[in-house]
Amino acid sequence: MTVTVIYGTDSGSTKTIASRLAKKIDGKALDIKSAAPADLENCDLLILGSPTYGEGDLQCDWEDHLQTLKSANIADKKVALFGTGDQVNYPDSFADALGTLYDQVVEQGAVIVGFTATDGYTYKKSTAVRDGKFVGLVLDQDNQASMTNDRIASWISQLT
Ligand SMILES: Cc1cc2nc3c(=O)[nH]c(=O)nc-3n(C[C@H](O)[C@H](O)[C@H](O)COP(=O)(O)O)c2cc1C
């Protein structure tokens, strides 16, 4: 199974997570800034990740290069999503970028895998929650970094 992880990052945490995921799952990690639609298409499992900025916005490189995702043919492709966020300082828009990516890939007909339970997180609102579950893996490197290893491990075993 070929796996491609596409991420955006401002201060590096999401890049670090993307590289850790790629290493564990034997895939490659690519910054959305330098990805082409073919990179998103030519894999068996596509993993997309973004931190949330502003108040619930996608990371800026994702915003600037959203057309790369929009123009990729990912209909019926297996797609998993992850998001980094800060539940303490942004409890009303916790990991909202994950919800934005979710809506986009659903619109393009992808098959979303890797939903996770919201247990263990404390926040008020998140568009990343649908039907009581996060639409992907949510990591809080600002407040719960010590839980990241376990969260990644159980998510990967769910995906593979
Ligand atoms: C100005 C600013 C706004 C942020 N807004 C949000 C937010 O609305 N929701 C959230 O969950 N996290 C928010 N965060 C936290 C980041 O998403 C988090 O620190 C993330 O790990 C950063 O990832 P990066 O290092 O890959 O850029 C914000 C951080 C900053 C500095």
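Residues numbered from 1 in each chain as written. Predicted model: local features only at pLDDT ≥ 70, side-chain atom pairs only at ≥ 80, totals over all residues. Heavy atoms only, no water.

Please explain the side chain of Thr 52 as it appears in this structure.
The residue Thr 52 is located in strand β3 (residues 45-53) in this model. A polar contact is formed between the side chain of Thr 52 and the backbone nitrogen of Asp 96, at a distance of 3.2 Å. From its side chain, Thr 52 meets the backbone nitrogen of Ala 97 in a polar contact 3.0 Å long. Setting aside anything within four residues of it in sequence, one finds Thr 52 in contact with Asp 57, Thr 84, Ser 93, Ala 95, Asp 96 and Ala 97. (Helix = DSSP H or I, 4+ residues; strand = E, 2+ residues; numbered from the N terminus. Polar contact = N/O pair within 3.5 Å; in protein donor to acceptor, adjacent residues only side chain to side chain. Contact = heavy atoms within 4.5 Å.)

Would you mind going over the site of the ligand with me for this structure?
Lining the immediate environment of the ligand, one finds 20 residues, of which Thr 9, Ser 11, Thr 14, Thr 52 and Tyr 53 sit closest. A distance of 2.6 Å separates an oxygen atom of the ligand from a polar atom in the side chain of Ser 11. In the environment of the ligand, an oxygen atom lies 3.1 Å from a nitrogen or oxygen atom belonging to the backbone of Asp 86. Within the residue set of the shell around the ligand, elements represented by two or more residues are α1 (13-25) and β3. Here the shell around the ligand takes 3 residues from β3, the largest share from any one element. Per-class residue counts for the shell around the ligand are 5 nonpolar, 11 polar and 4 charged. (Near = heavy atom within 4 Å. Nonpolar A, V, L, I, M, F, W, Y, C, P; charged D, E, K, R; others polar.)

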